[in-house]
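Chain residues, written in single-letter form:
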Amino acid sequence: MRVHGDGTSLWTLTHSTDFAVGFVGLLGNPLAYGDTFQITSDFVYTWNEIYSILARAAGAEPRLRHAPTTEIERLAPERAGQLSGDMAHSVVFDNTKIRRLVPDFSPSVALHHAAREIIEWHDGHPELQRVDPYLDALFAELLSHSRGGADGAATP
């Protein structure tokens, strides 16, 4: 798996059931009118952890390869800004505000629990399991720039 940057920036993932508790709790609440809220979990992961958890849930041992964000954006200009402007920086949110209005909001589904659910859903939809030729070529190109070549094996 190719990971942008060094894979250590922090990211927050929120399961849909946890998000729903916060969202529904704000609906119709007059104290929420005209205001903005973060509805995120308190579970924080590095990109290395996210990819590793998902790989293991799929029954694979992750073999992470890091690519400079600038190289990914050079080869995939449509990603410019998304990686360097968003995903390359640590993102951790404060949920104090939503908890004041929605006391039941207490995210409980961590990625290591949800990952198996994600894989099972994907496995149950073979019609969606298609190789994207563009992404396949992009990943091959990124791997060819890594130290070990296309197979990802490290060289001394």
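Treat the numbers as computed from the prediction; the structure is a model and nothing was measured.

> Looking at this model, I keep getting lost on the environment of Ile72. Mind explaining?
Tracing the sequence through the fold places Ile72 in helix 3 (residues 69–75). Taking the C-alpha atoms as reference points, Ile72 and His4, separated by 68 residues in sequence, lie 7.4 Å from one another. In this structure, Ile72 is in contact with His4, Ala67, Leu83 and Leu142, ignoring residues within four places of it in sequence.

> Explain the pattern of salt bridges here, please?
Side-chain pairs of opposite charge can arise whenever the charged atoms involved come near each other. Inspection of the entire model under this criterion finds five salt bridges. With a closest N to O distance of 2.4 Å, Asp42 and Arg99 form a salt bridge. Of this pair, Asp42 sits in the loop between helix 1 (16–26) and strand 3 (44–46) while Arg99 sits in helix 5 (residues 96–101), and the two are 57 residues apart along the sequence. A residue is classified by how much of its surface remains accessible, and Arg99, at 29% relative accessible area, is partly exposed. When the shortest N-O distance is used, the salt bridge between Arg56 and Glu61 registers 3.1 Å. Taking relative accessible area as the criterion, Arg56 reaches 47% and is therefore assigned partly exposed.

> Please explain the packing of helix 2 (residues 47–57) against helix 6 (residues 111–123) as it appears in this structure.
Any two packed helices are characterised by the angle at which their axes cross and by the distance between the axes. Between helix 2 and helix 6, the shortest axis-to-axis distance is 8 Å and the interhelical angle comes to 50°. Taken as axis vectors, helix 2 and helix 6 run oblique relative to one another. Here helix 2 and helix 6 pass one another in a crossing that is right-handed. When helix 2 is examined against helix 6, the residues Ile50, Ile53, Leu54 and Ala57 are found in contact with a partner set consisting of Leu111, His112, Ala115, Arg116, Ile118 and Ile119. Of the residues belonging to the contact of helix 2 with helix 6, the class tally is eight nonpolar, one polar and one charged.

Criteria and thresholds
- Residues numbered from 1 in each chain as written.
- Predicted model: local features only at pLDDT ≥ 70, side-chain atom pairs only at ≥ 80, totals over all residues.
- Heavy atoms only, no water.
- Helix = DSSP H or I, 4+ residues; strand = E, 2+ residues; numbered from the N terminus.
- Contact = heavy atoms within 4.5 Å.
- Salt bridge = Lys/Arg side-chain N within 4 Å of Asp/Glu carboxyl O.
- Buried < 20%, exposed > 50% of the residue type's maximum accessible area, 1.4 Å probe, protein only.
- Axes fitted to C-alpha atoms, helices over the stretch in contact; angles between N-to-C directions.
- Parallel < 35°, antiparallel > 145°, perpendicular 65-115°, else oblique.
- Left-handed = near helix turned anticlockwise from the far one by under 90°.
- Nonpolar A, V, L, I, M, F, W, Y, C, P; charged D, E, K, R; others polar.

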